[in-house]
Amino acid sequence: MAHPWHGISPELNKEGSVISFIEILPQDQIKYEIDKVSGFLKVDRPQKFSNVVPYPYGFIPQTYSGRRVAELSEKRGLQVNKGDGDPIDVLVISDRPILRSALIIRIQLIGGLAISDNHEADDKLIGIVSQDANYFGWKDITDLPESITKRLEHYFSTYKYWDDLNKSKLITSRWYSKGEAIDVVEKGMEDYREKFCNDL
C-alpha cells in the first residue's frame with residue numbers, strides 16, 4: 001500500500017484541482033489521523049466534547065507546512081514562528097455522504113482559513129468533491145453561504161478546547177480565496193520537497 005502522505009501524487013493543476021486523503025468523518029467520535037511513519041490511520045484522541053468535524057477532513061499528499069507556508073501566514077497578518085510540520089489540511093464539502101475514511105478524493109479548491117496554532121501556521125483549505133452535482137458551481141470562498149462559513153469558523157476556533165491554555169493559543173485570522181489556497185498548496189509542495197525529497 002502506498003504511504004498516503006508520501007506515496008500519492010497531489011496532481012495539482014492551475015484550476016485548483018488536487019488530490020486529497022480523508023482521515024476523519026463527521027460521524028466519528030474519535031479523532032483519527034495519519035501515522036507519519038507507517039501511513040496507517042491511528043487514534044489521536046476521543047472527541048472530548050460534542051463539537052465534531054462538519055465535513056470529511058484530511059490532507060493534501062506530498063505537502064508540508066514549513067517555512068514557505070508560514071511566510072504566507074505572516075503576509076495575512078498572523079504572528080507565526082513556523083509551519084506546524086504536518087501536511088496541509090483540507091476539509092471536503094460533498095452533497096452525498098462519504099461514509100468511510102482512508103479514501104483518495106479529487107477535489108476542487110475554493111479557498112481556505114488562515115489559522116495560527118501555538119504560533120504555528122495551520123491552514124485549513126476548503127474543497128468541493130470534483131463533479132459534485134449540487135456544489136461544483138461554487139468556484140471561490142465567497143460562494144459559500146454564511147451559515148457554512150460561520151459553522152466552520154466555530155469549529156476551527158473551538159475544536160482544541162481542552163483547557164484555558166489551548167483557548168488562548170488558537171487564533172483564526174481570515175478567509176482567503178481559491179487563488180491563495182492554490183498558493184498554499186504550491187508552497188506546501190515546495191516545503192515538502194525541501195524537507196523530504198533528499199530522504200525518500
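For clarity, every value in this text was computed on a predicted model and none was experimentally measured.

Criteria and thresholds
Residues numbered from 1 in each chain as written. Predicted model: local features only at pLDDT ≥ 70, side-chain atom pairs only at ≥ 80, totals over all residues. Heavy atoms only, no water. Phe/Tyr/Trp six-rings, centres within 6.5 Å; stacked < 30°, edge-to-face > 60°. Helix = DSSP H or I, 4+ residues; strand = E, 2+ residues; numbered from the N terminus. Buried < 20%, exposed > 50% of the residue type's maximum accessible area, 1.4 Å probe, protein only. Lys NZ or Arg CZ within 6 Å of the ring centre and 35° of its normal. Core = buried A, V, L, I, M, F, W, Y, C linked by side-chain atoms within 4.5 Å. Contact = heavy atoms within 4.5 Å. Expected span 1.5 Å × (residues − 1). Axes fitted to C-alpha atoms, helices over the stretch in contact; angles between N-to-C directions. Parallel < 35°, antiparallel > 145°, perpendicular 65-115°, else oblique. Nonpolar A, V, L, I, M, F, W, Y, C, P; charged D, E, K, R; others polar. Salt bridge = Lys/Arg side-chain N within 4 Å of Asp/Glu carboxyl O.

Description of the packing of aromatic side chains
For any pair of aromatic rings, geometry is given as the distance between the ring centres together with the angle between the planes. Applying the stated criterion to the full structure yields 8 aromatic pairs. With centroids separated by 5.4 Å and ring planes inclined at 45°, the aromatic side chains of Phe21 and Phe59 adopt a geometry described as tilted. Here Phe21, found in strand β1 (residues 17-24), pairs with Phe59, found in strand β4 (residues 57-59); they are 38 residues apart in sequence, far enough to count as distant. When sorted by exposure, Phe21 lands in the same class as Phe59, which is buried. Ring centres of Tyr155 and Phe156 lie 5.1 Å apart, and the angle between their planes is 70°; this geometry places the pair in the edge-to-face category. Both residues of the pair, Tyr155 and Phe156, count as buried. Within the aromatic cluster, the residues linked to one another by ring pairs are Trp5, Tyr64, Tyr192 and Phe196. Cation over ring: Arg76 sits above Tyr176, and NZ or CZ is 3.7 Å from the ring centre.

A word on the nonpolar core
Ile60, Ile107, Leu109, Leu125 and Val185 are the most contacted members of the largest nonpolar core, which totals 26 residues. Listing elements by their share of this core, those giving two or more residues are β1, α1 (67-75), β6 (89-93), β7 (103-117), β9 (124-129) and α4 (178-196). If one sorts the elements of this core by residue count, α4 sits on top with 5 residues. Setting aside residues no more than four positions away along its own chain, Ile60 makes contact with Pro10, Val18, Ile19, Ser20, Pro87, Ile88, Val90, Ile107, Leu125 and Val185.

Overview of the environment of Ile88
Assignment of secondary structure puts Ile88 in the loop between β5 (82-83) and β6. C-alpha separation for the pair Ile88 and Arg67, spaced 21 residues apart in sequence, amounts to 13 Å. In this view, Ile88 contacts Gly58, Phe59, Ile60, Thr63, Tyr64, Ser65, Val69, Leu125, Val184 and Gly188; residues no more than four positions away in its chain are not counted.

Section: α4
In this model α4 runs 27 Å from its N-terminal to its C-terminal C-alpha over 19 residues, within 8% of the 27 Å that 1.5 Å per residue would give. All buried positions along α4 are accounted for by Lys178, Ala181, Ile182, Val184, Val185, Gly188, Met189, Asp191, Tyr192 and Phe196.

Focus on unusual backbone geometry
Leaving glycine out, the prevailing phi sign among residues is negative, and the prevailing peptide bond configuration is trans. Residues other than glycine seldom take positive phi values, yet Asn118 does so here, at roughly 55°. The topology assignment puts Asn118 in the loop between β7 and β8 (120-121). Residue classification places Asn118 among the partly exposed positions, given a relative accessible area of 37%. Phi is positive for His119, which is not a glycine, with a value near 65°. Here His119 is to be found in the loop between β7 and β8.

Here we look at the packing of α1 against α4
Between α1 and α4, the shortest axis-to-axis distance is 7 Å and the interhelical angle comes to 150°. Between α1 and α4, the interaxial angle falls into the category roughly antiparallel. Taking contact as the criterion, the partners of Arg67, Arg68, Val69 and Leu72 in α1 are, on α4, Asp183, Val184, Lys187, Gly188, Glu190, Asp191 and Glu194. Of the residues that constitute the contact of α1 with α4, the class distribution is 3 nonpolar, 1 polar and 7 charged.

Considering α1
All buried positions along α1 are accounted for by Arg68, Val69, Ala70, Leu72 and Ser73. Buried positions along α1 lie against β5, β8 and α4. Once α1 finishes, Gly77 follows within two positions and takes phi at roughly 95°, a positive value.

Observations concerning the pattern of salt bridges
Evaluation of the coordinates by the stated rule reveals 18 salt bridges. Residue Arg106 is joined to Glu11 by a salt bridge in which the shortest nitrogen-to-oxygen separation is 2.5 Å. Taken together, the residues Arg106 in strand β7 and Glu11 in the segment before β1 connect sequence positions 95 residues apart. Among the residues examined, Glu11 registers a relative accessible area of 45% and is labelled partly exposed. In this structure, the salt-bridge partner of Glu33 is Lys31, at a minimum N-O distance of 3.2 Å. Salt bridges linked by common partners bring Arg67, Arg68, Glu71, Glu190, Asp191 and Glu194 together as one network.

By themselves, these are just geometric observations and shouldn't be taken as functional.
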